[in-house]
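One letter stands for each residue in the lines below.
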Amino acid sequence: MVFSRQELELLTIPQLRILLLRYGLKPTGSAALKPGFITTLMVFPEMALQQFENGTGLIRPTFDQLQIMGEILDQMGTPTPEQSALLRVSFEGRRMDIPRRYDQERFLALYKAKNHLSEVINLLGMM
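Numbers given for residues are sequential positions, taken from 1 along each chain in its written order. Local features in this predicted model are restricted to residues whose pLDDT is 70 or higher, and side-chain atom pairs enter the listing and the counts only when it is 80 or higher, whereas totals over whole chains, interfaces and linings include all residues. To get the side-chain values, take all heavy atoms of the structure and skip hydrogens and water.

Novice: What is the right way to look at the pattern of salt bridges in this model?
Specialist: Should their charged atoms come close, side chains of opposite charge can pair. We count a salt bridge whenever a side-chain nitrogen from Lys or Arg sits within 4 Å of a carboxyl oxygen from Asp or Glu. Taken as a whole and judged by the stated rule, the model has 4 salt bridges. A salt bridge links Arg95 to Glu105; the nearest nitrogen and oxygen atoms lie 2.5 Å apart. Placement of the pair is Arg95 in the loop between α5 (81–91) and α6 (100–125) and Glu105 in helix α6, with a sequence separation of 10 residues. Judged by its relative accessible area of 35%, Arg95 is partly exposed. Each helix is a run of DSSP H or I of at least 4 residues and each strand a run of E of at least 2, with the numbering of both proceeding from the N terminus. Buried residues are those whose accessible area, probed at 1.4 Å on protein chains only, stays under 20% of the maximum for their type, while exposed residues exceed 50% and partly exposed ones sit between those limits.

Novice: I keep staring at the packing of aromatic side chains and nothing clicks. Help me out?
Specialist: One pair of aromatic rings is described through two measures. These are the centre distance and the angle between the planes. Only rings of Phe, Tyr and Trp enter the pairing, Trp through its six-membered ring, and a pair is recorded when the two centres are within 6.5 Å. The plane angle decides the type: under 30 degrees is stacked, over 60 is edge-to-face, the rest tilted. Per the stated rule, a full pass over the model turns up 3 aromatic pairs. Ring geometry for Tyr23 versus Phe44: centroids 6.1 Å apart, planes at 25 degrees, classification stacked. Separated by 21 residues along the polypeptide, Tyr23 in helix α2 (residues 13–23) and Phe44 in helix α3 (residues 34–53) bring together distant segments of the chain. Overall, the relative accessible area of 38% leaves Tyr23 in the partly exposed class. Each residue in the set Phe3, Tyr23 and Phe44 is aromatic and connected to the rest through ring pairs, giving one cluster.

Novice: What am I meant to see in the packing of α5 against α6 here?
Specialist: The packing of two helices is summarised by the inter-axis angle and the distance between the axes. Under this scheme, a helix contributes an axis fitted over its contacting stretch, all axes are lines through C-alpha atoms, and angles between N-to-C directions fall in the 0 to 180 degree range. At a closest axis distance of 11 Å, the pairing of α5 and α6 adopts a crossing angle of 100 degrees. Comparing their axes, α6 and α5 come out roughly perpendicular. Taking contact as the criterion, the partners of Gln83, Leu86, Leu87, Ser90 and Phe91 in α5 are, on α6, Gln104, Phe107, Leu108, Tyr111 and Lys112. Split into classes, the residues belonging to the contact of α5 with α6 amount to 6 nonpolar, 3 polar and 1 charged. When describing relative orientation, an angle under 35 degrees is termed roughly parallel and one over 145 degrees roughly antiparallel, while 65 to 115 degrees is termed roughly perpendicular and anything else oblique. The contact rule is simple, with two residues in contact once any of their heavy atoms fall within 4.5 Å. Three classes are used: nonpolar for Ala, Val, Leu, Ile, Met, Phe, Trp, Tyr, Cys and Pro, charged for Asp, Glu, Lys and Arg, and polar for all others, with Gly counted as polar.

Okay, structure coming up:
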């Protein structure tokens, strides 16, 4: 339980309204009565997880979709020793002269994207 009924009962309607606004929720029933606020604040976590389990809203990718992401990651390859050295020097803040600096930045962005994709696959694989 995220909020207990006891802690919510101690709050005023303006305080409850602030909580609902913070989380982007609307009161159940009348906005002039406390029970509508309390009900919403007590049930939304369970509703959110139930919606997730039912495939509503934010949903997990399928196994096939995860495999495709893994294939993309594999196709991106691994840096050569020279590319690894360029990455190291780039992370130290050293930049090439223009116009090659733009290529260096693109290369660095691709490397970062590959690392993020790898992290995403690992996170989604844990589900």
